[in-house]
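What follows is each chain in one-letter form.
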Amino acid sequence: MVIPMVGPDGVRETVNAHISEAQRIWNFRSAYNVAALNCLQPQHAAILDGYKSFLSTYERDLSRINKTVESEWRKNEGSGYKRARDTYTTQVYNYWALPPVLPQFCDAVLQIGQQEAMMPAGSLDLFADQGLTKLQGVFDEFYRAFERYRVDVADWDTRYGPTYGYTQVQYTNATYAQPIIQNTP
């Protein structure tokens, strides 16, 4: 289990940290796409229709955003930008599809989709920013809970391990790794 570190600025170093506004919108679109494909419980049925509506409502804006993101990658990565963007995009999709977070993620996307109908026309930026912030919060809470679990396991081992046996460390250790993040101002 890879737990992204919290940087010196207090921001967890995920695929959503320190990215451009256009990339934030595109990452939100990616999250909505992952939800449409993976949130298949009956209570989440409205997500697929919401995603289709989102794509239709914001078709022109999303096309413009995609071109902006493409341009940012080209500027930052040069001729190898396609491979770099594809690698990053794979990380983004995998990030949103993290199995232990999926139930909370699906619930959050469902709530976000219900809020879309109340957004004023032309508010993709606001809608995506609020949605991404809410979804990132779901993941941040999972990471904090996992970190608390690791501390609790270490405490248990210290207090009770000599008497009852130690936990199986290979199941409780987390490693920290930096994702490939586009550093666009």
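The structure under discussion appears in the preceding block.
Rules behind the numbers
- Residues numbered from 1 in each chain as written.
- Predicted model: local features only at pLDDT ≥ 70, side-chain atom pairs only at ≥ 80, totals over all residues.
- Heavy atoms only, no water.
- Axes fitted to C-alpha atoms, helices over the stretch in contact; angles between N-to-C directions.
- Helix = DSSP H or I, 4+ residues; strand = E, 2+ residues; numbered from the N terminus.
- Parallel < 35°, antiparallel > 145°, perpendicular 65-115°, else oblique.
- Left-handed = near helix turned anticlockwise from the far one by under 90°.
- Contact = heavy atoms within 4.5 Å.
- Nonpolar A, V, L, I, M, F, W, Y, C, P; charged D, E, K, R; others polar.
- Core = buried A, V, L, I, M, F, W, Y, C linked by side-chain atoms within 4.5 Å.
- Buried < 20%, exposed > 50% of the residue type's maximum accessible area, 1.4 Å probe, protein only.
- 1 Å grid on protein atoms, 1.4 Å probe; cavity = no way out; pocket = protein on both sides within 12 Å on 5 of 7 lines; lining within 4 Å.
- Points joined across faces, edges and corners; volume = space filled by probe spheres on them.

K.L.:
What am I meant to see in the packing of helix 1 (residues 21-38) against helix 4 (residues 81-96) here?
P.N.:
Geometry of a packed helix pair, given as the angle between the helix axes and the separation of the axes. It is at 9 Å that the axes of helix 1 and helix 4 come closest, and there the two elements cross at 50°. In terms of their interaxial angle, helix 1 and helix 4 are classed as oblique. Seen along the crossing, helix 1 lies across helix 4 with a hand that is right-handed. Facing Gln23, Trp26, Asn27, Arg29, Ser30, Ala31, Asn33 and Val34 of helix 1, the residues of helix 4 in contact are Arg85, Tyr88, Val92, Tyr93 and Trp96. When its residues are assigned to classes, the contact of helix 1 with helix 4 shows seven nonpolar, four polar and two charged.

K.L.:
In this structure, what is going on with the nonpolar core? I would like to understand it.
P.N.:
Proteins that are soluble and globular tend to have nonpolar side chains buried together. Counting 47 residues, the largest nonpolar core has Phe28, Phe54, Trp96, Phe105, Leu135 and Phe139 as the members making the most contacts within it. Going through the elements one at a time, helix 1, helix 2 (46-57), helix 3 (59-77), helix 4, helix 5 (102-116) and helix 6 (124-164) are the ones with two or more residues in this core. Counting residues per element, this core draws most heavily on helix 6, which supplies ten residues. In contact with Phe139, not counting residues within four places along its chain, are Tyr95, Trp96, Leu98, Val101 and Phe105.

K.L.:
Please explain the layout of surface pockets as it appears in this structure.
P.N.:
Any empty space left between the atoms is revealed when a probe the size of a water molecule rolls over them. Its boundaries defined by the atoms lining it, the second largest pocket holds a volume of some 170 Å³. For the lining of the second largest pocket, a count of residues per class yields three nonpolar, five polar and three charged.

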